[in-house]
Protein chains: 2
Amino acid sequence: MESFEDVRIRRPELESFVADLLEKAGARRDGAEATARAVVDASARAFDTHGVRLVPHYVESLVSGRVNGAPDLRFTRQAAAVGHLDADDGLGHLASYRAVEEGVAMARETGIAAVAVARSSHHGATGCYTLAAARQGFAAIGMTHSDAIVVPHDGLKPFNGTNPISFALPVAGEEPMLLDMATSSIPLNRVFLRRATGQPLPPEVAVDKDGAVTTDPHQATALMPLGGTAYGYKGAGLAAMVDILCSAFTGMAHGAALPAFTGTEESQPVSLGHFFIVLRPELFQPLALFDARVAAFLADLRSQPAKPGTRVMAPGDPERDAQADRRANGVPVDLTTWDSLREIAVRHGVAVPTTVPKA
Amino acid sequence: MESFEDVRIRRPELESFVADLLEKAGARRDGAEATARAVVDASARAFDTHGVRLVPHYVESLVSGRVNGAPDLRFTRQAAAVGHLDADDGLGHLASYRAVEEGVAMARETGIAAVAVARSSHHGATGCYTLAAARQGFAAIGMTHSDAIVVPHDGLKPFNGTNPISFALPVAGEEPMLLDMATSSIPLNRVFLRRATGQPLPPEVAVDKDGAVTTDPHQATALMPLGGTAYGYKGAGLAAMVDILCSAFTGMAHGAALPAFTGTEESQPVSLGHFFIVLRPELFQPLALFDARVAAFLADLRSQPAKPGTRVMAPGDPERDAQADRRANGVPVDLTTWDSLREIAVRHGVAVPTTVPKA
């Protein structure tokens, strides 16, 4: 999390505001609501890079015609435990919630199920969808590929997307455990943010236009895979797995063969793939034993001795304090995004919600 | 790969020699053959850390009674796409090949299937089993947990195992693509090897007994997760996913709650879990399109511009030259292991195979 100047808005007001804006930009109500749900969920969970700040980008994609506001989603159950969802170039959020819903329906009977999503678009934080499954008592693995912004191991030019892997796990008596990680060390917008703040980048996370490692955010044009110079073959290997599952298994081209998200004809669909695996715990183990095992794991992990000033945390734990704050005091929207949202609202005559007064 | 002094033995001779030794140590023929198949496969694929060098360790485990040489493997299909395999404390290799076989049988109908393996033991290289699926035209994801040798992010004491993730993918016209990676940067026996050679460890891969980062192999007692000090929460997050799938989903305890593999009562079973997911590509996409997508991905990746003196490779590519050499000139066994195997052979009256003369 980076800190930023913000306004705070209550979650329900923010969600319906965002949905209204997307509807005015051309999204059918179901897509507008799915996208609003996802981005506000990400912001409420302190996943700001993939939260409300993306709304102006989605508005542009709808207006330019890159994203189809009224998609005809077609789901085909191709085997007992496999489904294919053609997203018809619509909003990736609508398609991804639907994919997980279909995955849950299949896994309820079969124990595990996969849904391959084709002809989709940017879906924000992959964790939104695995979390949707976990909130219904199912574990889920989610992945998406994207256009090329990460160099391969030993490579000089971008080839992989940040190709995230998410894993969400239902935990009795608390919020699900959520892993949601790019297979690069940092996301690309960390580079943009550092350009604005003038801070150097950490070592071994980015390269310049010639593929040389750099900590200068103004020189950085692409990312390195998780593991850096020595072990980047591991991050790149995971990125390859994600890319294959999101392309060969969905019918889409691999990430580096997709049209670049920026710089190409803006009305051209991006034709992304996503891949979801849903698991029903009680078809693996009796639920009481499963819950006890998960609880024991988390209790043991969280009580491990830690470096001074830190504590050992489970995936998702670092954001918990911010989540409690955001539940109590509203979801933050950075001032640049807020100005942009208000401008869109004024243009379309959408009422702007009241911000929460600062304490 | 580290280089070492070795003898070379033809693969079939080495495999039957290893099987004979394991049988004499108390393994039933099926388990002896499965373990021999796995370790010789790993060595033939230049995965030496998980190859034939582990045989003396497996012999000890059989002799001490930690591993049951005559297990009664019990497979239960708990749902259309979910199976549970109780390995009865037998050799992990036998259980893992069986698990993948059952996963393939289910996924043939259902498209995707999971097999959770319980009451198992060390199975060597996880990639042996995902590869067995890929050689039959199925993709597979494999995982295993182990006892605590990797510190969690921000932690001081070992909690995770090296908890590997493997992904194998059938590729038309060539060997499957194989990712087989620990979620730590290095395996623990790299530390032992560096103690012997006196070379320092790379930065950010190991810690001393107090949890401080060290490059001194004599001080190193535990590993760091992939990502090092700054991004180790990613390696640790993947390790957590692996541990949960191998424990809560199999019925076993989590890695840190397992008996340590060394230092505890040697006759006590380790009660490990493994987790396999098998996918049938042609129930996702028409096989010709799938194969074309995979081929395009690999061709594009392998032709990417690379740093001087390197080339961009797909997972598994770095070992291909060594594999060709080993096919032509025999599988290498390091001299320490070779002495140990010959000693066991002499003790049990097993004929020692001829080594391949050096060119």
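Residues numbered from 1 in each chain as written. Chains lettered and ligands numbered in written order. Predicted model: local features only at pLDDT ≥ 70, side-chain atom pairs only at ≥ 80, totals over all residues. Heavy atoms only, no water.

Student: Explanation requested: the interface of chain A and chain B in the structure shown.
Tutor: Accessible area lost upon the coming together of the parts serves often as the stated size of an interface. With 77 residues of chain A at the contact, the number on the chain B side is 77 residues. Here chain A meets chain B over a buried area of about 6400 Å², counting both sides, of which 73% is carbon and sulfur. Its largest share of buried area at the contact with chain B, chain A owes to Phe249, Phe284 and Phe297 of chain A, together 11% of the area lost on that side. Across the chain A-chain B interface, the total number found is 0 salt bridges. For the pair chain A and chain B, the number of links is 24 residue pairs in polar contact (both at pLDDT 80 or more). Top contributing element to the side of chain A that touches chain B by residue count: helix H7 (residues 228–247) of chain A, with 11 residues. (Contact = heavy atoms within 4.5 Å. Buried area = accessible area lost by both parts, 1.4 Å probe. Salt bridge = Lys/Arg side-chain N within 4 Å of Asp/Glu carboxyl O. Polar contact = N/O pair within 3.5 Å; in protein donor to acceptor, adjacent residues only side chain to side chain. Helix = DSSP H or I, 4+ residues; strand = E, 2+ residues; numbered from the N terminus.)

Student: Would you explain the sheet that holds strand E5 (residues 139–144) of chain A in this entry?
Tutor: As a general point, the strands of a sheet are linked pairwise by backbone hydrogen bonds and lie either parallel or antiparallel. Residue and element names in this part refer to chain A. One open sheet accounts for 7 strands, arranged E2-E3-E4-E10-E5-E6-E7; its pairing is mixed. Two strands in the sheet have a free side with no partner beyond their single neighbour: strand E2 (74–79) and strand E7 (174–181). For this sheet, the mean inter-axis angle between neighbouring strands, taken without regard to orientation, is 15°. In terms of strand pairing, strand E6 (residues 165–171) meets E7 through 6 bridges, oriented antiparallel. Bridging from a neighbouring strand, Leu169 pairs with Met177 of E7. (Pairing = 2+ DSSP bridges. Axes fitted to C-alpha atoms, helices over the stretch in contact; angles between N-to-C directions.)

Student: Which parts of the structure should I look at to understand the domain arrangement of chain A?
Tutor: In terms of domains, chain A is made up of domain 1 (7–64 + 331–359), domain 2 (71–185 + 228–283) and domain 3 (186–223). Inter-centroid distance (C-alpha atoms) of domain 1 of chain A to domain 3 of chain A is 28 Å. (Domains from an automatic or database assignment.)

Student: Help me understand the pairing of strand E4 (residues 112–120) of chain A in this model?
Tutor: As a general feature of sheets, a regular strand has side chains that alternate between the two faces. All names here are of chain A. The element E4 is largely enclosed, with a buried count of 8 among its 9 residues. Taken together, the 5 bridges between strand E3 (residues 82–86) and E4 define a ladder with parallel strand orientation. Pairing of Asp86 across the sheet is with Ala118, part of E4. (Buried < 20%, exposed > 50% of the residue type's maximum accessible area, 1.4 Å probe, protein only.)

Student: Please explain the packing of helix H2 (residues 29–44) of chain A against helix H5 (residues 127–134) of chain A as it appears in this structure.
Tutor: Describing two packed helices takes the angle between their axes plus the distance from one axis to the other. All names here are of chain A. Running from amino to carboxyl end, H2 crosses H5 at an angle of 90°, the nearest separation of the two axes being 10 Å. With respect to H5, the axis of H2 lies roughly perpendicular. Contacts from Arg37, Ala38, Asp41 and Ala42 in H2 reach Cys128, Tyr129, Leu131 and Ala132 in H5. Partitioned by chemical class, the residues of the contact of H2 with H5 number 6 nonpolar, no polar and 2 charged. (Parallel < 35°, antiparallel > 145°, perpendicular 65-115°, else oblique. Nonpolar A, V, L, I, M, F, W, Y, C, P; charged D, E, K, R; others polar.)

Student: What is the right way to read the relation of the copies chain A and chain B from this model?
Tutor: The second copy of the chain is related to the first by a rotation about an axis and a shift along the axis. Rotating chain A by 180° about the axis while translating it 0.0 Å along that axis superimposes it on chain B, leaving an RMSD of 0.0 Å. Each copy turns onto its partner about a two-fold axis. Residue Gly227 of chain A, judged by its C-alpha, is the member of chain A lying nearest the rotation axis, at 2.6 Å. Comparing contact sets, 100% of the residues at the interface of chain A also lie at the interface in chain B, consistent with an isologous, same-surface contact. (Least-squares fit on C-alpha atoms with pLDDT ≥ 70 in both.)

Student: Even after reading the chapter, I still don't get the sheet that holds strand E2 (residues 74–79) of chain B, so can you show me in this structure?
Tutor: The strand order across the open sheet built from 7 strands is E2-E3-E4-E10-E5-E6-E7 (chain B), with neighbouring strands paired in mixed fashion. At either end of the open sheet lies a strand with only one pairing partner, and these are E2 and strand E7 (174–181) of chain B. Recorded for the sheet is a direction-independent mean angle of 15° between the axes of neighbouring strands. One ladder, built from 7 bridges, connects strand E4 (residues 112–120) of chain B with strand E10 (residues 272–279) of chain B; its direction is antiparallel. Residue pairing for E10 of chain B: Val115 of chain B is matched across the bridge by Phe276 of chain B. Together, strand E6 (165–171), E7 and E10 of chain B form the strand contacts of H7 of chain A, whose direction differs from that of E7 of chain B by roughly 125°.

Student: Would you take a moment to explain the environment of Gly198 of chain A for this structure?
Tutor: Mapped onto the secondary structure, Gly198 of chain A falls in the loop between helix H6 (188–197) and strand E8 (206–207). As a C-alpha pair, Gly198 of chain A and Val39 of chain A span 159 residues in sequence and 27 Å in three-dimensional space.

Student: What am I meant to see in the pattern of salt bridges here?
Tutor: Oppositely charged side chains can form a pair if their charged atoms are brought close together. The tally for this structure, following the rule as stated, stands at 49 salt bridges over all chains. Of the charged contacts, one joins Arg29 of chain A and Asp20 of chain A as a salt bridge, the two residues approaching to 2.9 Å between their closest N and O atoms. The salt bridge partner of Arg119 of chain B is Asp89 of chain B, with a shortest N-O separation of 3.3 Å. You can see Arg119 of chain B sitting in strand E4 and its partner Asp89 of chain B sitting in the loop between strand E3 (82–86) and helix H4 (92–110), a full 30 residues away along the chain. Taking the relative accessible area as the measure of exposure, Arg119 of chain B reaches 26% and is therefore partly exposed. Relative accessible area serves as the criterion here: at 14%, Asp89 of chain B is assigned to the buried category.

Student: Would you explain the nonpolar core in this entry?
Tutor: What tends to happen in soluble globular proteins is that the nonpolar side chains get buried as a cluster. With 153 residues, the main nonpolar core has Phe167, Phe249 and Phe275 of chain A together with Phe167, Phe249 and Phe275 of chain B as its most contacted residues. In this structure, Phe249 of chain A is in contact with Ala116, Ile244 and Phe275 of chain A together with Ala139, Leu169, Leu279, Pro281, Phe284, Gln285 and Phe290 of chain B, ignoring residues within four places of it in sequence. (Core = buried A, V, L, I, M, F, W, Y, C linked by side-chain atoms within 4.5 Å.)

Student: In this structure, what is going on with the packing of aromatic side chains? I would like to understand it.
Tutor: The relation between two aromatic rings is expressed through the spacing of the ring centres and the mutual angle of the planes. Residues and elements named next belong to chain A. Throughout the structure, instances matching the rule amount to 18 aromatic pairs over all chains. Here Tyr129 and Phe276 contribute two aromatic rings whose centre-to-centre distance is 6.2 Å and whose plane-to-plane angle is 75°, an arrangement assigned as edge-to-face. In this pair, Tyr129 is assigned in helix H5 and Phe276 in strand E10 (residues 272–279), connecting sequence segments 147 residues apart. Using a relative accessible area of 0% as the deciding quantity, one classes Tyr129 as buried. Accessibility expressed as a relative area gives 1% for Phe276, which makes it buried. (Phe/Tyr/Trp six-rings, centres within 6.5 Å; stacked < 30°, edge-to-face > 60°.)

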